[in-house]
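# Close look at the chain arrangement
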Amino acid sequence: DSKKDEWVYVKKTSKTTTKVTDLSSAKSYKFRVRVYNDKNNKGSYSSSVKAVTKPKKVTSLSYSDLTTSTATLKWGKVTRATGYRVYQYDAAAKKWNRIKETSKTSLSVSGLNAGQAYKFKVRAYYKSGNTTKYGSYSSVLTVVAKPSKVNNLAVTNVRDTSYTLKWDKVSGAEKYEVYIRNGRKWTRLTTTSKTSYTVKKDGKKKSLKPDEEYKFRVRAVVDSVKGKYSSSLTVETIPETMSKLTLKAGKKQLTASWSSVSGISGYEVQYSTSKKMKNAKKVSVKK
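Below you will find a few notes about this structure. All figures in this text were calculated on a predicted structure; none of them were measured in a lab.

Scanning the chain from terminus to terminus reveals zero helices and 22 strands. Here the C-alpha radius of gyration of the chain, 38 Å, is well above what a compact globule of 287 residues would show, namely 19 Å. Of all 287 residues assigned to the chain, the portion counted as buried reaches 27%. Across the chain, every contact between residues at least 6 apart in sequence was considered, and the portion connecting residues at least 24 apart equals 54%. Working note: accessible area of the chain is about 20000 Å², and carbon and sulfur atoms make up 45% of it.

Both faces of the sheet carry side chains from a regular strand, because those side chains alternate between them. In terms of strand pairing, strand S8 (residues 117-128) meets strand S9 (residues 131-134) through four bridges, oriented antiparallel. From the neighbouring strand, Lys127 faces S9, where its bridge partner is Thr132. Counting the residues between successive antiparallel strands, the hairpin from S8 to S9 contains two residues, one of them, Gly129, with a positive phi of roughly 65 degrees.

Let us look at the side chain of Arg219. As for its position among the elements, Arg219 is in strand S16 (residues 213-222). A distance of 2.8 Å separates a polar atom in the side chain of Arg219 from a polar atom in the side chain of Glu177. Polar side-chain contacts of Arg219 include one of 3.2 Å to the side chain of Tyr229. Dropping the residues within four chain positions of it, Arg219 is found in contact with Val150, Lys175, Tyr176, Glu177, Tyr179, Lys226, Gly227, Lys228 and Tyr229.

To continue, consider the sheet that holds strand S12 (residues 162-166). The antiparallel open sheet is built from three strands, whose spatial order is S11-S12-S15. The sheet is open, and its two edges are formed by strand S11 (154-156) and strand S15 (196-200), each paired on a single side. Going across the sheet, the axis of each strand differs from the next one's by a mean of 30 degrees, ignoring polarity. Of the strand pairs in this sheet, S12 and S15 are connected by five bridges, and their pairing is antiparallel. Bridged to Thr164 within S15 is Thr198.

Another point: the pairing of S12. Buried residues dominate S12, accounting for four of its five residues. Strand direction decides the pairing type here: S11 and S12, joined by three bridges, are antiparallel. Bridging across to S12, Val155 finds its partner in Leu165.

Judged by pairing direction, the sheet is antiparallel, and its three strands sit side by side in the order S3-S4-S7 without closing on themselves. Since the sheet does not close on itself, it has two edges, and those belong to strand S3 (62-64) and strand S7 (106-109), each with one partner. Pairwise comparison of adjacent strand axes, ignoring direction, gives a mean angle of 30 degrees for this sheet. Pairing geometry for S3 and strand S4 (residues 71-74), over three bridges, is antiparallel. Among the inter-strand pairings, Tyr63 is bridged to a residue of S4, identified as Leu73.

Time to look at the pattern of salt bridges. Going through the model one piece at a time under the given rule, you end up with five salt bridges. The salt bridge partner of Arg85 is Glu101, with a shortest N-O separation of 2.6 Å. Placement of Arg85 in strand S5 (residues 83-90) and of Glu101 in strand S6 (residues 95-102) is noted, with a sequence separation of 16 residues between them. Note that Arg188 is salt-bridged to Glu177, the shortest N-O span being 2.8 Å. With Arg188 in strand S14 (residues 186-192) and Glu177 in strand S13 (residues 175-181), this residue pair connects regions lying 11 residues apart in the sequence. Arg188 gets classed as partly exposed once you look at its relative accessible area, which sits at 45%.

Attention now moves to the environment of Ala26. Along the chain, Ala26 turns up in the segment before strand S1 (28-31). Through-space distance from the C-alpha of Ala26 to that of Ala93 is 33 Å; in sequence the pair is 67 residues apart. The contacts of Ala26, once residues within four sequence positions are left out, are Thr53, Lys54, Pro55, Thr79, Arg80 and Tyr126.

Let's shift gears to the nonpolar core. Ranked by internal contacts, the top residues of the largest apolar core, which has 22 residues, are Val58, Leu73, Trp75, Tyr84, Val122 and Val143. Listing elements by their share of this core, those giving two or more residues are S4, S5, S7, S8 and strand S10 (141-144). Here this core takes four residues from S8, the largest share from any one element. Setting aside chain neighbours within four positions, we find Val122 in contact with Val58, Leu61, Trp75, Tyr84, Arg85, Val86, Ser136, Tyr137 and Ser138. Formed by 17 residues, the second largest nonpolar core is a distinct cluster that contains Tyr163, Trp167, Leu189 and Ala220.

Another point: the packing of aromatic side chains. For the coordinates displayed, the defined rule picks out nine aromatic pairs. When the ring centre of Tyr45 is taken as reference, the NZ or CZ atom of Arg32 above it lies at 3.5 Å. Between Lys121 and the ring centre of Tyr137, over which it is positioned, the NZ or CZ distance is 3.9 Å.

Analysis parameters
- Residues numbered from 1 in each chain as written.
- Predicted model: local features only at pLDDT ≥ 70, side-chain atom pairs only at ≥ 80, totals over all residues.
- Heavy atoms only, no water.
- Helix = DSSP H or I, 4+ residues; strand = E, 2+ residues; numbered from the N terminus.
- Rg over C-alpha atoms; globule rule 2.2 N^0.38 Å.
- Buried < 20%, exposed > 50% of the residue type's maximum accessible area, 1.4 Å probe, protein only.
- Contact = heavy atoms within 4.5 Å.
- Areas by Shrake-Rupley, 256 points an atom, 1.4 Å probe, with all protein chains shown as cover.
- Pairing = 2+ DSSP bridges.
- Polar contact = N/O pair within 3.5 Å; in protein donor to acceptor, adjacent residues only side chain to side chain.
- Axes fitted to C-alpha atoms, helices over the stretch in contact; angles between N-to-C directions.
- Salt bridge = Lys/Arg side-chain N within 4 Å of Asp/Glu carboxyl O.
- Core = buried A, V, L, I, M, F, W, Y, C linked by side-chain atoms within 4.5 Å.
- Phe/Tyr/Trp six-rings, centres within 6.5 Å; stacked < 30°, edge-to-face > 60°.
- Lys NZ or Arg CZ within 6 Å of the ring centre and 35° of its normal.

Dropping the structure here:
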């Protein structure tokens, strides 16, 4: 007993081996043995032998501060551990490589590729003199680096109640979240595995109205890890389609009438003597 600086009796046995239990982890012990006979006469003590117990298994391995190329690994402190060894799995070589040895309970790893998955594990070690004992490995932790930011968000095929958004593919992305904003609040519109999405008026959501301004943004998702939002894109829907157009014939004129459309500056009227509207002439009419 190093605290009391004295030897403590453990047990008696008729065998030449014995198992000593209830020792503390990550600690150095000394043992000695002596014989005795049926008259309880005792021999001299043997030379002492040093035994070092292993540290406990590392638990609570997790990560934080995730970016497209870095992550911070964290784990629980192991009592009396001298330090920790961190390992990363090399999928190509199919082996674990030790990447760092540290006395801290966290480690920042870099050089990750956006949207890619990496595996890590940690074990504690205890050093006493020239003897080093290693604990069991922690459970394997998979870290997925954040996917890259979505680029080149654009709009095509604009209609009065629909248009198509498109964007560049993000390496490793499993899906994309599309968000819409009409006012102050951003709302997730849909999740898709494609790099385009046609936004249209929905009977329930009524996500689009004619002649309205909307903002959109998109982000990539890999294994529930979400990347940065794309730059926002502002789109203005065109006015709604004209309806109830009527004509009233006069001697030398035609009077055209139609239903009113709100929120516009005016109307453009086209007329032609051809059935296919060839060479149609335009007349602007203020609201």
